[in-house]
Amino acid sequence: MDFTLACSYDDSQEYCTYDNPIAESNEEMGYSLMFVVSKTSELSNAKSFTNIEDLIERVIAHETIHVVILGLEGRDSSDKLDDLEISITFGAGRTHLIRMNFLGYASDNTGLVTATL
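Residues numbered from 1 in each chain as written. Predicted model: local features only at pLDDT ≥ 70, side-chain atom pairs only at ≥ 80, totals over all residues. Heavy atoms only, no water.

1. Topic: the nonpolar core
Here is step 1 of the chain: With 9 residues, the main nonpolar core is built from Cys16, Leu33, Phe35, Val37, Phe49, Ile52, Leu55, Val59 and Leu103.
Here is step 2 of the chain: Of all elements in the fold, only β3 (29-37) and α2 (52-73) reach the threshold of two or more residues within this core.
Here is step 3 of the chain: If we ignore the near neighbours within four places in the chain, the residues touching Cys16 are Met34, Phe35, Phe49, Ile52, Val59 and Glu63. (Core = buried A, V, L, I, M, F, W, Y, C linked by side-chain atoms within 4.5 Å. Buried < 20%, exposed > 50% of the residue type's maximum accessible area, 1.4 Å probe, protein only. Helix = DSSP H or I, 4+ residues; strand = E, 2+ residues; numbered from the N terminus. Contact = heavy atoms within 4.5 Å.)

Printed below as a string of structure tokens:
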């Protein structure tokens, strides 16, 4: 797996994704893990991915899950993984919805939120 850096051209926040399928000699596809920095942070010379070192294992695992689903079920199913939401109840019964790919809330290094806090 390669790593690629890119900059967004819209107003999105920084994010990680997989991209750039590469045909390898055994005819399997390889993918690059792409870190996309925000246009705003680049224009203001601010740092993006300031805590990526703490999350890199989760990022790689999460994006690998996308690639596996892509190979088995196609791009639509793979992309839907990030649309799933988890309902977390905490405090005095307050409910908080987060996306399944909110890496900071993942309880292990799969990069997926699977349990409540």
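2. Topic: the pairing of strand β4 (residues 85-90)
Here is step 1 of the chain: Two elements, β4 and strand β5 (residues 94-99), share 6 bridges in a ladder whose sense is antiparallel. Opposite Ser87, over in β5, you have Leu97 as the bridge partner. (Pairing = 2+ DSSP bridges.)

3. Examining the pattern of salt bridges
Here is step 1 of the chain: Within the structure shown, the criterion is met by 1 salt bridge.
Here is step 2 of the chain: Linking Lys39 and Asp11 is a salt bridge whose minimum nitrogen-to-oxygen distance equals 3.8 Å. Placement of Lys39 in helix α1 (residues 39-43) and of Asp11 in the loop between β1 (2-7) and β2 (15-23) is noted, with a sequence separation of 28 residues between them.
Here is step 3 of the chain: Under the relative-accessibility criterion, Asp11 is labelled exposed at 65%. (Salt bridge = Lys/Arg side-chain N within 4 Å of Asp/Glu carboxyl O.)

4. Observations regarding the environment of Leu112
Here is step 1 of the chain: Note on placement: Leu112 falls in the segment after β5.
Here is step 2 of the chain: Taking the C-alpha atoms as reference points, Leu112 and Met100, 12 residues apart in sequence, are found 5.6 Å from one another.
Here is step 3 of the chain: Beyond its immediate chain neighbours, meaning those up to four positions away, Leu112 contacts His62, Ile65, Leu81, Met100, Ala106 and Ser107.

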